Amino acid sequence: MAAADGPVPELQSRADACAERLCSADRVLLASHIDADGLTSAAVAATALERASIPFEAVFEKQLDAESIASIAAREYETVLFTDFGSGQLDVIAEHERDGAFVPVIADHHRPAEADTDLHLNPLLEGIDGASELSGAGTTYVLARALAACSDADERHDNRDLAALAVVGAVGDMQASDGELHGANAGIVAEGVAAGALEETTDLAIYGKQTRPLPKLLEYASDVRIPGITNDERGVVSFLDGLDVECRADGAWKQWVDLTDDEKQRLASALVQHAVSRGVPAFKIDRLVGTSYVLAGETVGTELRDASEFSTLLNATARYERADVGLAVCLGDREEAFDRAKELLANHRRNLSEGIEWVEEHGVTREEHIQWFDAGGEIRETIVGIIAGMSMGADGVARDVPIVAFARKGDEETKVSSRGTGPLVGRGLDLSAAMGEAARAVGGDGGGHDIAAGATIPAGTEPEFVERADRLVGEQLD
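Conventions we followed
- Residues numbered from 1 in each chain as written.
- Predicted model: local features only at pLDDT ≥ 70, side-chain atom pairs only at ≥ 80, totals over all residues.
- Heavy atoms only, no water.
- Helix = DSSP H or I, 4+ residues; strand = E, 2+ residues; numbered from the N terminus.
- Rg over C-alpha atoms; globule rule 2.2 N^0.38 Å.
- Buried < 20%, exposed > 50% of the residue type's maximum accessible area, 1.4 Å probe, protein only.
- Domains from an automatic or database assignment.
- Contact = heavy atoms within 4.5 Å.
- Buried area = accessible area lost by both parts, 1.4 Å probe.
- Salt bridge = Lys/Arg side-chain N within 4 Å of Asp/Glu carboxyl O.
- Polar contact = N/O pair within 3.5 Å; in protein donor to acceptor, adjacent residues only side chain to side chain.
- Nonpolar A, V, L, I, M, F, W, Y, C, P; charged D, E, K, R; others polar.
- Core = buried A, V, L, I, M, F, W, Y, C linked by side-chain atoms within 4.5 Å.
- Phe/Tyr/Trp six-rings, centres within 6.5 Å; stacked < 30°, edge-to-face > 60°.
- Axes fitted to C-alpha atoms, helices over the stretch in contact; angles between N-to-C directions.
- Parallel < 35°, antiparallel > 145°, perpendicular 65-115°, else oblique.
- Pairing = 2+ DSSP bridges.
- Expected span 1.5 Å × (residues − 1).
- UniProt positions renumbered as here; feature names shortened; annotations may be inferred.
- Patch = residues over 30% accessible without salt bridge, like charges linked within 9 Å, V, L, I, M, F, W, Y side chains within 5 Å.
- Areas by Shrake-Rupley, 256 points an atom, 1.4 Å probe, with all protein chains shown as cover.
- Lys, Arg positive; Asp, Glu negative; His and termini not counted.
- Charge placed at Lys NZ, Arg CZ, Asp CG, Glu CD.

In the nomenclature of an unreviewed UniProt entry, the protein chain corresponds to DHH family phosphoesterase from the organism Natronomonas salsuginis.

Right, here's the structure in full:
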């Protein structure tokens, strides 16, 4: 039975075909990526499979390559559901299809390989941008909605409540980089709001509104740099003390969520006025306000209440080999797993801070069309891409040029991560194509999105990779 009211009509027939295969399976192996989008994809799929009474086992991979695909195929599951990866590896996956004994079902949003399969759910196949309009978790949500329609389980769920996790995945995948979610993502938001799982509000567009004390909230807000506020502890305290807002309670600083709506309005207006007086351009000031996505069922003042903070918490789990913790949190564990996730988050923040300091201290090398740094073993290869993106605009790092980062991945391989910006993509930048082609030219492979992509290359080939990537990006931007 088709889910006629699915959230993304263009994908409905593909979603129905994938759902029908899963519903007919005796058991399913669920394989997913390890970032926030991958973890939420796995959680959406796991919940939908459980509700449909389909037995499953979940495994996670940092990277889906020939070795990991062979390992997955060797587990002798007839049906394997790949979420948030698989499209770019269709050719390798196809090599393991065994007369119906290994049937891949793929729910992904990355650029597909030339090969294809009948059970392939990807927005790019229907003209929907997988980098900005639908994440891996969003694609898996479309599948979950179709799964609800074909399930014969005694208790019927429509799975619209899973829209909250899909939004966390999209936000974690930087699909709200301009302040809100668009395209198919917006349709998922609407379903989540209608289901009571999400709240969509216009609010201060600064990370940490749920958990950071007001001084730290403003001091660490670096997306829009405001003289006398950004990275200026004394300046922030002076600013807050000068407001007609009670910013303290019982001797301690309040958090943004502790303020009344009127107090929030007064603080935000004063912040805008301060930015104007310090010469911050109007187009940057506009970025101080954006759309916030709040998980209605989560406790106010926790990392799980805000989609952005939730996604950061998840990134702090699987990127440190604890995907089980992130998945457990997504599935509702608010005790042991949540406590462990918060410990990992504190460590993650330290590592990010130290990584950005390392980049600022050592600098980047500027080519004609890209800038790059090689962290060697100083930055974990699982977070070097996050640090590269956060470094853009920092001292000595330009925002108008793509950044490429290298980190050691074992003795024989190097991890490559790259980040761009919306304006660069508007000029023609496609890092997925550039990283993939440059990597294959030196004996590696890569892919991803136009605005963010990665690769793995043989150690020692970095100079040739840089040369090729610089030329390819130059051709795109020309």
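Draft legend 1. How the structure looks around the overall build of the protein chain. Looking only at helices and strands, one finds 18 helices and 15 strands in the protein chain. Relative to the globule expectation of 23 Å for 478 residues, the C-alpha radius of gyration of the protein chain, 22 Å, shows essentially globular dimensions. Once the C-alpha set of the protein chain is aligned to its principal axes, its extents read approximately 70 × 55 × 40 Å. Residues classed as buried in the protein chain amount to 56% of the 478 residues present.

Draft legend 2. Here's a closer look at the domain arrangement of the protein chain. In terms of domain boundaries, the protein chain breaks down into domain 1 (9-200), domain 2 (202-354) and domain 3 (363-477). The C-alpha centroid of domain 3 is placed 27 Å from the C-alpha centroid of domain 1. Between domain 1 and domain 3, the residue contacts involve nine residues of the former and 10 residues of the latter. On the domain 1 side of the contact with domain 3, Gln 63, Arg 111 and Ala 131 bury the most area, a combined 50% of that side's loss. In this structure, the connection of domain 1 to domain 3 is made through two salt bridges. Applying the counting rule to domain 1 against domain 3 returns six residue pairs in polar contact (both at pLDDT 80 or more). Per-class residue counts for the side of domain 1 that touches domain 3 are one nonpolar, four polar and four charged.

Draft legend 3. Structural context of the nonpolar core. Ranked by size, the top nonpolar core spans 89 residues in total, and within it Leu 81, Leu 147, Phe 310 and Phe 373 carry the most contacts. Residues within four places of Leu 81 in sequence aside, it is in contact with Leu 22, Val 28, Leu 29, Leu 30, Ala 31, Ala 45, Leu 49, Val 105 and Leu 143. Counting residues in hydrophobic clusters, the runner-up holds 25 residues, among them Leu 214, Ala 221, Val 245 and Leu 288.

Draft legend 4. The packing of aromatic side chains, seen in detail. For the structure shown, the criterion picks out four aromatic pairs. Measuring from centroid to centroid gives 6.1 Å for Trp 358 and Phe 373, while their planes differ by 55°, and the two rings are tilted. With a gap of 15 residues between them, Trp 358 in helix α14 (residues 336-362) and Phe 373 in strand β11 (residues 371-374) connect regions that are remote in the sequence. Each ring, one from Trp 372 and one from Phe 406, has its centre 6.0 Å from the other, and the planes form 80°; the classification is edge-to-face. With Trp 372 in strand β11 and Phe 406 in strand β12 (residues 403-409), the pair connects residues that are 34 residues apart, well separated along the chain.

Draft legend 5. Looking closely at the pattern of salt bridges. Applying the stated criterion to the full structure yields 22 salt bridges. The closest approach of N and O atoms between Glu 475 and Arg 471, which form a salt bridge, is 3.3 Å. Separated by four residues within a single helix, Glu 475 and Arg 471 lie in helix α18 (residues 462-477), roughly one turn from each other. Residue classification places Glu 475 among the partly exposed positions, given a relative accessible area of 48%. In this structure Arg 471 comes out as partly exposed when scored by relative accessible area, which is 39%.

Draft legend 6. Representation of the packing of helix α2 (residues 36-51) against helix α12 (residues 307-318). The interhelical angle for the contact between α2 and α12, taken along N-to-C directions, is 95°, at an axis separation of 8 Å. The angle between α2 and α12 places the two elements in the roughly perpendicular class. Contacts from Ala 36, Leu 39 and Thr 40 of α2 reach α12 at Ser 311, Leu 314, Asn 315, Thr 317 and Ala 318. Each residue belonging to the contact of α2 with α12 can be placed in one class, and the counts come to four nonpolar, four polar and no charged.

Draft legend 7. How the structure looks around the pairing of strand β15 (residues 452-458). Burial analysis of β15 places six of its seven residues in the buried class, the great majority of the element. Pairing between strand β13 (residues 413-419) and β15: seven bridges, direction antiparallel. Each bridged residue has a counterpart across the sheet, and for Lys 415 the counterpart in β15 is Thr 456. Where strand β14 (residues 445-448) and β15 come together, four bridges link them in antiparallel fashion. By the bridge assignment, Gly 448 is partnered in β15 with Ala 453.

Draft legend 8. Representation of α12 in the model. Between its first and last C-alpha, α12 extends 17 Å over 12 residues, near the 16 Å set by a 1.5 Å rise per residue. Lining the buried residues of α12 we find α2, α6 (163-172), β9 (289-295), α13 (323-330), α14 and α15 (384-391). One side-chain oxygen at the N-terminal end of α12 lies 2.9 Å from the backbone nitrogen of Ser 308; it belongs to Asp 306.

Draft legend 9. Up close: the UniProt feature "domain: DHH-CID" (unreviewed entry) in the protein chain. The UniProt record marks residues 206-289 with the feature "domain: DHH-CID" (unreviewed entry), using the residue numbering of this structure. Annotated as 43% helix and 6% strand, the span residues 206-289 places its first and last C-alpha atoms 8 Å apart.

Draft legend 10. Inspection of a negative patch on the surface at higher detail. A cluster of like negative charges, contributed by Asp 65, Glu 67, Asp 411, Glu 412 and Glu 413, occupies part of the molecular surface. Among the structural elements, Glu 412 can be located in the loop between β12 and β13.

Draft legend 11. Representation of α14 in the model. Relative to the 39 Å expected for 27 residues at 1.5 Å per residue, α14 spans 39 Å between its end C-alpha atoms, a close match to the ideal helical length. Within α14, burial applies to Ala 337, Phe 338, Ala 341, Leu 344, Leu 345, His 348, Leu 352, Gly 355, Ile 356, Trp 358 and Val 359. Where the residues of α14 are buried, they touch α12, α13, β11 and α15. Where α14 terminates, the next one or two residues include Gly 363, which has phi positive at roughly 75°.

Draft legend 12. Quick peek at the environment of Leu 165. Structurally, Leu 165 is set in helix α6. Expressed as a C-alpha distance, the spacing of Leu 165 and His 449, which sit 284 residues apart in the sequence, is 21 Å. Apart from the residues within four sequence positions on either side, Leu 165 is in contact with Thr 40, Ala 43, Val 44, Ala 137, Phe 310 and Cys 330.

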